[in-house]
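Descriptive structure summary
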Amino acid sequence: MKIALMNEFSQAAKNPIIVKELEAVAGEQGHSVFNVGMNGDNDHRLTYIHLGIMGSLLLNSKAVDFVVAGCGTGQGALMSLNVYPGVVCGYCIDPADAYLFAQINNGNALAIPFAKGFGWGAELNLRYIFEKAFTGETGLGYPASGRESQTNNARILGEVKRAVGKDYLDALKAIDPELVKTAVGGERFQKCFFDNSQDAALTDFVRSVLA
């Protein structure tokens, strides 16, 4: 599995802590981590609005399989990511959230609060969150007796989201171009995207934005 981690400006200083825990868990499971957001206060400035654009591009192009995002409360990143088709983002405060989201909703992104409650032992909580999110098979249901209903509801929600949303590429073209240009302007994002994108139309779109 390819996992993208992205931090926005308010929590950029915590990126080394987060990526360390994510890479430790991902390495044990044979997953790859791409640190595509801000990795320090002086890095390419991003807001949670940019994270939604970045995450949706990476997921819809199949450049990555999963996105780990967040902001101070996690709520802004959650809303921003869930705006887009092809993204199913869950809100995650503790390891139980990560496990239940993986088993019941089986989504492809997490929004984590990196300021609220981020105190003593925060790195341990992150590690346990990542262990529950990325270890073992997902979509098994919880409790197991509810799997059929939960799987069906997740499928229906995906169908509803596709029905009410416009075509993804058309949606990107309707966004303020400067927002998109800032979102895709980071070197680490570009490397991850261009090296791994499986969608020629989205790749061409990003190249045109950067031109």
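Residues numbered from 1 in each chain as written. Predicted model: local features only at pLDDT ≥ 70, side-chain atom pairs only at ≥ 80, totals over all residues. Heavy atoms only, no water.

Considerations on the packing of helix α4 (residues 95–105) against helix α5 (residues 122–134)
Here is the rule: Inter-axis angles, ranging from 0 to 180 degrees, are taken between N-to-C directions of lines fitted to C-alpha atoms, where helices are fitted over the stretch in contact. Secondary structure elements follow DSSP: runs of H or I no shorter than four residues count as helices, runs of E no shorter than two count as strands, and numbering proceeds from the N terminus. Here the word oblique covers every angle except those under 35 degrees (roughly parallel), over 145 (roughly antiparallel) and from 65 to 115 (roughly perpendicular). Helix crossings get a hand from a simple test, with the near helix turned counterclockwise from the far one by less than a right angle marking a left-handed crossing and a clockwise turn marking a right-handed one. Residue contacts follow a heavy-atom distance rule, with two residues in contact if any of their heavy atoms lie within 4.5 Å. Three classes are used: nonpolar for Ala, Val, Leu, Ile, Met, Phe, Trp, Tyr, Cys and Pro, charged for Asp, Glu, Lys and Arg, and polar for all others, with Gly counted as polar.
One can describe the packing of α4 onto α5 by two numbers: an axis separation of 8 Å at closest approach and a directional angle of 15°. Regarding the angle of α4 to α5, the classification is roughly parallel. As for the relative orientation of α4 and α5, their crossing is right-handed in sense. In contact with P95, A98, Y99 and A102 of α4, α5 contributes N125, Y128, I129, K132 and A133. When the residues that make up the contact of α4 with α5 are grouped by side-chain class, the tally is seven nonpolar, one polar and one charged.

Concerning the pairing of strand β2 (residues 32–35)
Consecutive side chains along a regular strand alternate between the two faces of the sheet. This is how the line gets drawn: Working definition: with a 1.4 Å probe on protein chains only, accessible area under 20% of the residue-type maximum means buried, over 50% means exposed, and in between means partly exposed. Any two strands are treated as partners once DSSP identifies two or more bridges connecting them. When the strands point away from the viewer and the connection leading from the first strand across the helix to the second strand turns clockwise, the crossover is called right-handed.
Side chains V33 and N35 project from β2 onto a buried face, and the interleaved S32 and F34 project onto a face without burial. Pairing geometry for strand β1 (residues 2–5) and β2, over four bridges, is parallel. Paired with I3 across the strands is V33, a residue of β2. The parallel pair β1 and β2 is bridged by helix α1 (residues 15–29), and the resulting crossover is right-handed.

So, the layout of surface pockets
What counts here: For each structure, a 1 Å grid was placed over the protein atoms alone; sets of points admitting a 1.4 Å probe that cannot get out are labelled cavities, open sets with protein on both sides within 12 Å along at least five of seven lines are labelled pockets, and lining residues have an atom within 4 Å of a point. Grid points are joined across faces, edges and corners, and a volume is the space filled by probe spheres set on the points.
Each pocket or cavity is described by its volume, and for the largest pocket that value is around 430 Å³. In this structure, the largest pocket is lined by 17 residues; those nearest its centre are V88, N105, A154, L157 and G158. Secondary structure elements with two or more residues in the lining of the largest pocket: α4 and α6 (147–164). Broken down by element, the residue count for the lining of the largest pocket peaks at nine residues, all from α6. The residue makeup of the lining of the largest pocket, split by class, is eight nonpolar, six polar and three charged. Size it by volume and the second largest pocket reaches roughly 170 Å³. Every residue lining the second largest pocket is counted, 15 residues in all, and those nearest its centre are M1, F66, G107, A133 and T138. Breaking the lining of the second largest pocket down by element, the ones donating at least two residues are α4 and α5. Sorting elements by how many residues they give to the lining of the second largest pocket places α4 first, with three residues. For the lining of the second largest pocket, the per-class residue count stands at eight nonpolar, six polar and one charged.

Without other data, these values stay purely geometric and don't point to any function.
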